[in-house]
Structure formats: structure tokens, C-alpha cells
2 protein chains.
Amino acid sequence: MSAAPGTGSAPDLSRCSLNQATVKHATLPEAVAAAAAAGMGAIGLWRDRVQEVGAEKAARIVAEAGLRVSSLCRGGFLTAADDAAVAAALDDNRRAIEEAATVGTRELVIVVGGLPAISGFGQGPRPDAVPGDRDVVAARARVADRLADLAPVAAEHGVRLVLEPMHPLFAADRGVLSTLDQALDLAQPFPADVVGVVVDTYHVWWDPELREAIARAGQEGRIAGYQVCDWVLPLAADPLHSRGHVGDGYVDFPTITRWVAESGYAGDVETEIFHEGVWAADPAGTARTVADRYARHVLPALTARAAAPGR
Amino acid sequence: MSAAPGTGSAPDLSRCSLNQATVKHATLPEAVAAAAAAGMGAIGLWRDRVQEVGAEKAARIVAEAGLRVSSLCRGGFLTAADDAAVAAALDDNRRAIEEAATVGTRELVIVVGGLPAISGFGQGPRPDAVPGDRDVVAARARVADRLADLAPVAAEHGVRLVLEPMHPLFAADRGVLSTLDQALDLAQPFPADVVGVVVDTYHVWWDPELREAIARAGQEGRIAGYQVCDWVLPLAADPLHSRGHVGDGYVDFPTITRWVAESGYAGDVETEIFHEGVWAADPAGTARTVADRYARHVLPALTARAAAPGR
């Protein structure tokens, strides 16, 4: 891995974290080894890979590699309207809270879910719609209700529910939480150490209120994570898998990173990429690329605050 | 065409307008004939089809069919940074303003443009980025500057520049104007009869602030158009062409239409669909489907205000 341009020494990767989704086909031990070999300070875990080895063993593997767990992905999918689905979602999220505590992170990322899934919905004429199935306002209200159900459980385990606003591209089928301000409004009723937010560049880069929303999130003590990946075009056949390496697309990382740094965020920076091409690559090589892009496009702005405190 | 469910008489299509993009492969006379045969009150024109026959003749063809022109699409693409491109954009928009006046509408829809186009940009590693090319904040500021250039020209011709917020899906390559509130902020320095906004369900349905933003737009007298089409999944290979007929997807038309009606908007409702399948269909049949879906999913909520004024 090359050093950042213009510096003679190795870049400081202590806040650089490899989100496990970026190396989707690697097991937990393989992903940990790749992150450690690239010199990173942390790894963001996913529940499916944690469950393969067990949460306690996962915690040991990460610790023995000298890494921290920056977050656990993910809980959520809280928009169901019927009682059985609500109960199932609550059960699953309680387990996710316990797993986060066991693997040693307090940050549980929450993807809230889309409009209730109905077979064939949104793919052709369906004049006799089920009442309420297109009601995004009601779906968002149900998310608030489920957060109220889960917040006491999270608090009891010392875990924070970290709301992830998703790009409006995904509002229909994956996440009715669409902006950082909306996430902060949802978090408002709860203590800042129980419900937080994550700033993911892919999801929020377009938001005309982003600078103000990041500042607000910092003032409210809610920023629980900063995730980076790039908006590349054309979109992949599955738009969920369209994300690119930092620097490959349209996102202005120095600017957004500066806003995050100015908000006071001092935590880890996870690179989380969903992309078939990235997944097909060697995990160790991917981790080196992640570290290199972090050093080039993120790190300089992340530390600019300390260098210019009056800015 | 069937009447709206639950009514015994033919639906009132006087505010129903066929945006010409919905029948992309039809000439202007063909599109006008299709809209008139379906019983609509208006048509939304596109400049390329207007220019084929000439603006004065286009105005006559529409009037002789008994229709109004609900809007002209489109001006815009105002984000260029270099002097030559800025001058070219201003020239083109001055011509669009004149064409709008000549075809007989005061509503000129403006798509503001994306980040400056650079060959290969956003499609792979490009570490030596041109400074500023990812700066969406600066691109938005240039839009404001160009509106200030064009507003006096529009006012002189009795034409309104109608800002169209676009879905954030298109922020990189087509429209850095992403929300209705952002459009209203951009419009603020100008009189309401010189710079307005259009509410397009496809672009704004996901916005958690939509209800409040529509109410604000109504209070400020800025709503210059209401366009409808549906969000369908999966996205088409070209996401720009993913839109579906009203009722085929996820958009809650009764709710959004009620918000628009409650804002006081009393103008036309254009159906504007970009979709290869819709374009391949017979224009007359497409116009009938548009009218039918309007009658079923839009019209009842559009007129609910008069029926329940205290709501």
C-alpha cells in the first residue's frame, strides 16, 4: 500500500475500518486477517458471518488480531404492519442487540425497512391495493413505535440503535428513512447513547441540507458511525450493489469528511461497499485498496480539524 | 375509457393533461389528437416536437383541438462552470422562454442539470479529479446565479421558470435540485410569477418533508404544475426510463394529490412517463390509459377539497 500523496510516512489507519460487507465472500477470520494485514484499526461485522463462528468466538478473533469492532450490521426492518411480523422483527432485533454486546461494540446499525412487501407489488397494474400498503407516512410511524419498543432493551445491554438513512432510491423496498434530519427527528425522544445515527456517504451525499444535518447530529451527540463508499454510474442491475471504492465516483469525500470532523466525530470510518466486482476480488487486495483510498481521500480531511481548529 | 369507480357519469378530465414525453414517438399533431380523443383538457409540450412544426403552428394545432398547453418542457442544464458552456446554456434558455410564450403557456419546466459532465467520470478510478467537479454545493450555487440571469428575461415574456426537483437518484448526472424545499429556497429571491416549482410524484414521493413542503409551496404561490407517474421496481437498465403508469407502483397518489389540492393548486395535472414499454404502445391507447388512471387514482383526491372544505 502506498502512502498518501504528499506525505513521507505511512498514513495513520487507526480509525480506518473494513466493513465486512465489502469482502462479502470472506469468512469472519478471513475478513479480520485482511483488515489487520492492511494496517487498519477496526472492522465492522455482519451478523451472518458472526453467527457462523458464534459471537463470543468472533469477539476473540477480532481482539487477537489487535482490532476493534466498529459496529455490528444490522438490525431493523421495522415497518411490518401485522402482529406476527412485528413480533418476529422485535425478536430478531433483541437477538441483534445481544450479539452486538457480545462481539464488543455498542453500535448496532439499523436499516429500518421499506413499504410492506407484497408479492408482485410495484411491478404492474394492481388497482385493488391493500389499504395502507403505499402509506409511507404510516410506515415511518411504525418505525418510531418499534424504536420505542427496542430502546429499553438496547439501553439495558449498553448498545446503541444506530439509524441509517438510506438513499431515496431505496425508500420503496428497503428503507423509508431517507435523510439524516429524519433520522435525528426519529432519535429525538431517546437518549443519545441509546439511539444514534450513521452518516453513510452513499446514502446522503446528495442532500442539500447535509452540512447542517451533520452539524446538528454532532451537537446532539448522535453520530455513531461514518461509512464511506462512492456513487458510481451507471447503476448496477441490482442498484443495491452499485457502490464503488472511495474515489471512483461522484462523492466529494474531502468536503463531507470535513463536515463530519467539524461535528466532533472521533470514531471509526468504515468502508462499506456492495459491488459484485469488489466482492469477486481477493479480500486482502480489497482491504489494501480500501486503506489506500482512505488515506488519499478521507484521512486528510478527517484530521484537518486538529490542524486548523479555528476553521 | 371506463368511468371512475363508484361514479355513474364520465369523469371530469378538464385538468387532465398528457405530457408529450409519455408518447415520445408521436409527432406533435399525433400527440394532440391522442389527448383530445381521450377527452383531456390540456397537453404538456416538449421543445423538440414543437420545433419540428414551429412554435406558432404548434400553438394553432393545440388550440384547434380544443386543448390548453399546460407547460413546455424544458429549459435548464444550468450547472456548467466554464464561460462558453454558461453562455450556451443562457442562449438556449432564452430561446426556450420565447418558445413557451409563443406556444401559449407561461410554465417553462426547468431541469437544472447535474455535476459537470466529464468523460468517463464516475465510472472508475480517477484520482486526479478536476478541482470542483464533485462539488455539488458549488453546482447548486451556479444554478442560483443562472436563475438570476434568466429571471428578467422570463418576466419580460410573461413566462415562469418552473423548477423541477428531481429524485436524488439523478443528482450526479441530471439534477442537483433534489427536494421541493430546496427548489423553494432557490425561488425565494424572485417573484412567485417568475420562478415557480413543479411537484412531480416520481421525484418527490419519498420526501419525509413532502407534506409541509407542498403546503409551503402553496402558501408562497409557487406551485406551477403537478406531474404524476409511478415509482415501479425493478429499475429499468436506464433508470431515467423506469417510470410507470399511475397505479402500477409504490406512489400513494390519493395522499399526495390531497396535499396538492389542499395547497390551493387549481391547475392541470400532467402525466409524464418515461418508459420504453409505454413508448412502444399506441399513443391513442396510452392516452386512454392515462385518462383512466387519472380518473381512478388522482381525480377523487384532487376534488376532495371542494367536497370537504373544512378538512
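This text goes with the structure placed above it.
Reading the values: the criteria
Every chain begins its residue count from 1, and numbering advances along the sequence as written. The lettering of chains begins at A and the numbering of ligands begins at 1, in the order of writing. Given that the model is predicted, a residue must reach a pLDDT of at least 70 before its local features are reported, and side-chain atom pairs must reach 80 or more before they are shown or counted; all residues, however, enter totals for whole chains, interfaces and linings. Any residue whose C-beta has 12 or fewer other C-beta atoms within 10 Å is treated as exposed, any with 20 or more as buried, and any in between as partly exposed, C-beta atoms being built from the backbone. Each helix is a run of DSSP H or I of at least 4 residues and each strand a run of E of at least 2, with the numbering of both proceeding from the N terminus. One requirement defines pairing of two strands: DSSP has to find at least two bridges between them. By convention, a crossover is right-handed whenever its connection, traced from the first strand over the helix to the second and viewed with the strands pointing away, goes clockwise. What counts as an axis is a line fitted to C-alpha atoms, over the stretch in contact for a helix, and the angles between N-to-C directions run from 0 to 180 degrees. Placing C-beta atoms from the backbone, we regard two residues as in contact once those atoms come within 7 Å. Under the convention adopted here, Pro, Cys and the residues Ala, Val, Leu, Ile, Met, Phe, Trp and Tyr are nonpolar, Asp, Glu, Lys and Arg are charged, and Gly plus all remaining residues are polar. When the near helix sits turned anticlockwise from the far one by under a right angle, the crossing is termed left-handed; a clockwise turn instead gives a right-handed crossing.

Trainee: Just checking my understanding: could you explain the pairing of strand β1 (residues 16-19) of chain B for this structure?
Mentor: When a strand is regular, its side chains alternate between the sheet's two faces. Residue and element names in this part refer to chain B. Residues C16 and L18 of β1 are buried on one face, and the alternating residues S17 and N19, pointing to the opposite face, are buried as well. Relative to strand β10 (residues 269-271), β1 runs parallel, the two being bridged by 3 bridges. Along β10, the bridge assignment pairs L18 with T271. Relative to strand β2 (residues 42-46), β1 runs parallel, the two sharing 3 bridges. Paired with L18 across the bridge in β2 is I43. In this region the chain leaves β1, passes through helix α1 (residues 28-37) and returns to the parallel neighbour β2; the handedness of that crossover is right-handed.

Trainee: I would appreciate a short explanation of the sheet that holds strand β2 (residues 42-46) of chain A in the present structure.
Mentor: Two orientations exist for strands paired in a sheet by backbone hydrogen bonds: parallel and antiparallel. Residues and elements named next belong to chain A. Read around the closed barrel, 8 strands run β1-β2-β3-β4-β5-β6-β7-β10, paired in parallel fashion. The mean inter-strand angle of the sheet, taken between neighbouring strand axes irrespective of direction, is 30°. Relative to strand β3 (residues 68-76), helix α4 (residues 83-103) is tilted by about 175°, and along the sheet it contacts β2, β3 and β4 (107-111). Across the sheet, helix α11 (residues 283-302) touches β1 (16-19), β7 (223-228) and β10 (269-271), and the angle it forms with β10 is around 140°.

Trainee: Whenever I open this one, the interface of chain B and chain A confuses me. Can you help?
Mentor: Counting from both sides, the interface comprises 33 residues of chain B and, opposite them, 33 residues of chain A. Its residues assigned to classes, the side of chain B that touches chain A shows 17 nonpolar, 9 polar and 7 charged.

Trainee: Help me understand the packing of helix α9 (residues 253-262) of chain A against α11 of chain A, please; the structure alone is not making it clear to me.
Mentor: For any two helices packed against each other, the geometry is given by the interaxial angle and the distance between the axes. Residues and elements named next belong to chain A. Following both chains from N to C, one finds α9 and α11 inclined at 35°, their axes separated by 8 Å at the closest point. Considering how the two elements wind past one another, α9 and α11 form a crossing that is right-handed. Taking contact as the criterion, the partners of F253, P254, T257, R258 and A261 in α9 are, on α11, H297, V298, P300, A301 and L302. Looking at the contact of α9 with α11 residue by residue, the class counts come to 7 nonpolar, 2 polar and 1 charged.

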